[in-house]
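One-letter residues, chain by chain:
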Amino acid sequence: PVEPKACNVRCAAKIASLSSSSIRREGNGIGGGLTRRSSMGGYTTLTPECSKSTRTTPAETNGRRMRARQSVHFPLRPTDTSAMMVPDTISMTTAVASTEGEENSPYDRHLRTSRMLSRVTARKLNALEKHLTKASAAAYGVCFVSIAYTACLLMEAAETLKMLKKKEAEGRIAHFIGLLADRLLRVFPFIDIEVSGVEHIQRENTPTVWVANHVSELDLLVFLILDGRLDIGRKRPIKFLYWDKLNEYPVLSRFLRTSGMIPVSMEDTGFEVDNKYLLQSLKSMYRAMDEAINDGFDVAILPEGRRNTDAPTLAKAFPGAFKLAKKHGAKIGFIGTHGVEEVWNVKDGFHANAKHVSVRFWNAMEISSKEQFVELFYSLLGPWASSKIDSLETPLSAYSTAATSKPDDTNER
């Protein structure tokens, strides 16, 4: 049994939270319902549970709980098909904002744009190629873990014997692991990395805060490979920000600790709830990042905070990278990855659906506000992650022929 007053209050509060201009009534009587127009062309239906029964008396009906059930239906095709290509359907479980201010945020504009752009994907592997790729990845992993773990132990011993200072030991092991990751990939090529924008890499002895999209467990390994191949940290080694839960893995935690990577604690809230960081951990994180910049290191941050289940669509970005860069007068370098989720993602694990990964570097730049940082994060990395488009500075219709849904065959060249 449910108290009528309590359920009426809850239902009234739910409906009152919607703007009156966005609500319409459909049908009459008990079977009618209220619908709200969503920001992407669909409708949110508010259906009273009592409408499911046709035999209840008015007294019973008034005593039933009113529950709002939301189901947002997005159109499969854009409204104006003359100015753009018909996109593939991209799953988006993130709820669309309901207020006008949120609908115009960079994140919501990114969600709408990602539905308009056609997906560009690498060539799919056949069954035999998948087995060979997984075998190659296993061999790579065994060799990488064995050599990296031994190197970390030796570096720790050298630091304990006062042969190397802590800062020097951290820089050397980070550089060595990057070289190791790249050289082993030449022997066991389970992924094929294509890089563009190399000329934009900052090689001066000035601090840079690197940011990238986060879609897979392989992201850190991809960045280590790039560091070893392109010698990005030659003058300023890079320290990565990581979730401290990774310390539960003995071999990985040894490398993270020896190389001085920066941990942050947050609750394991799953993928349906926004990140919740522990305050004391945030203070320690900012202190560690300040020390890294002052000690001659660069810092790499994944603003989304965790892997994105809706990849290649980006998740909500946090402005911590901008705050760090502003404090130290550092530039921000954007790195976009495309196709990593086709190798390993949150939902399917290491499924090796493809092996070609594309990485794009943009010019490191000075950013004046966190709003500008978030805008650049979505306008640069969003189109690249889904369609390998450099940016959306020109009208979307200009890319209608460039962003096709045909498989990307660049890995065959």
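Now for a description of the structure that goes with this document. (Residues numbered from 1 in each chain as written. Predicted model: local features only at pLDDT ≥ 70, side-chain atom pairs only at ≥ 80, totals over all residues. Heavy atoms only, no water.)

### Digging into the overall build of the protein
- Along the protein, the regular secondary structure elements total 11 helices and 12 strands.
- A buried classification covers 45% of the 413 residues belonging to the protein.
- Just so you have it, the protein exposes about 21300 Å², and 55% of that area is on carbon and sulfur atoms. (Helix = DSSP H or I, 4+ residues; strand = E, 2+ residues; numbered from the N terminus. Buried < 20%, exposed > 50% of the residue type's maximum accessible area, 1.4 Å probe, protein only. Areas by Shrake-Rupley, 256 points an atom, 1.4 Å probe, with all protein chains shown as cover.)

### With respect to helix 8 (residues 250-258)
- Taken residue by residue, helix 8 has Ser-253, Arg-254, Phe-255, Leu-256 and Thr-258 as its buried positions.
- Where helix 8 is buried, its residues meet helix 5 (127-160), helix 6 (166-187), helix 7 (219-230) and strand 6 (238-243).
- Two residues or fewer after helix 8 comes Gly-260, characterised by a positive phi angle close to 75 degrees. (Contact = heavy atoms within 4.5 Å.)

### Quick notes on the packing of helix 4 (residues 106-116) against helix 11 (residues 370-387)
- At a closest axis distance of 9 Å, the pairing of helix 4 and helix 11 adopts a crossing angle of 15 degrees. In terms of axis orientation, helix 4 runs roughly parallel to helix 11. You can see that helix 4 and helix 11 cross each other, and the crossing is right-handed. For the pair formed by helix 4 and helix 11, the contact residues are Pro-106, Tyr-107, Arg-109 and His-110 on the first element and Val-374, Glu-375, Tyr-378 and Gly-382 on the second.
- Its residues assigned to classes, the contact of helix 4 with helix 11 shows four nonpolar, two polar and two charged. (Axes fitted to C-alpha atoms, helices over the stretch in contact; angles between N-to-C directions. Parallel < 35°, antiparallel > 145°, perpendicular 65-115°, else oblique. Left-handed = near helix turned anticlockwise from the far one by under 90°. Nonpolar A, V, L, I, M, F, W, Y, C, P; charged D, E, K, R; others polar.)

### Things to note about the pairing of strand 9 (residues 331-338)
- Buried residues dominate strand 9, accounting for seven of its eight residues.
- Taken together, the five bridges between strand 5 (residues 208-212) and strand 9 define a ladder with parallel strand orientation. Each bridged residue has a counterpart across the sheet, and for Ala-212 the counterpart in strand 9 is Ile-335.
- Across four bridges, the pairing between strand 9 and strand 12 (residues 356-361) is antiparallel. (Pairing = 2+ DSSP bridges.)

### Describing the sheet that holds strand 12
- A sheet is described by the order of its strands in space; here seven strands give the open sequence 4-12-9-5-8-6-7, paired in mixed fashion. Single-partner strands in this sheet number two, and they are strand 4 (192-196) and strand 7 (262-264). Averaged over neighbouring strand pairs, the angle between their axes works out to 25 degrees when direction is ignored.
- Contacts from helix 9 (residues 279-294) reach strand 6, strand 7 and strand 8 (298-301) within the one sheet, and its direction differs from that of strand 7 by about 165 degrees.

### Remarks on the nonpolar core
- Of all hydrophobic cores here, the largest spans 45 residues; its most connected members are Tyr-140, Ile-193, Leu-226 and Phe-361.
- Mapped by element, the contributors of at least two residues to this core are helix 5, helix 6, strand 5, helix 7, strand 6, helix 8 and strand 12.
- With eight residues, helix 5 is the single largest residue contributor to this core.
- For Ile-193, the residues in contact, after removing those within four places along its chain, are Leu-185, Val-222, Ile-225, Leu-226, Arg-229, Val-357 and Val-359.
- Among the nonpolar cores identified, the runner-up in size contains 34 residues, and Tyr-107, Val-211, Phe-322 and Ala-385 belong to it. (Core = buried A, V, L, I, M, F, W, Y, C linked by side-chain atoms within 4.5 Å.)

### A look at the packing of aromatic side chains
- Applying the stated criterion across every chain, the model contains 11 aromatic pairs.
- Plain terms: the ring middles of Tyr-107 and Tyr-378 are 5.9 Å apart, the flat faces sit at 50 degrees to each other, and that makes the pair tilted. In this pair, Tyr-107 is assigned in helix 4 and Tyr-378 in helix 11, connecting sequence segments 271 residues apart.
- Tyr-378 gets classed as buried once you look at its relative accessible area, which sits at 4%.
- Aromatic side chains Tyr-140 and Phe-144 sit 5.9 Å apart centroid to centroid with 10 degrees between the ring planes, which places their arrangement in the stacked category. In this pair, Tyr-140 and Phe-144 are both assigned in helix 5, four residues apart and thus about one turn of the helix distant. For the pair Tyr-140 and Phe-144, one class covers both residues: buried.
- Clustering of aromatic rings is evident, with ring pairs tying together Tyr-107, Phe-334, Phe-373, Phe-377 and Tyr-378.
- Between Lys-239 and the ring centre of Phe-297, over which it is positioned, the NZ or CZ distance is 4.4 Å.
- In this structure, Arg-360 is placed above the aromatic ring of Trp-362, and the distance from its NZ or CZ to the ring centre is 5.1 Å. (Phe/Tyr/Trp six-rings, centres within 6.5 Å; stacked < 30°, edge-to-face > 60°. Lys NZ or Arg CZ within 6 Å of the ring centre and 35° of its normal.)

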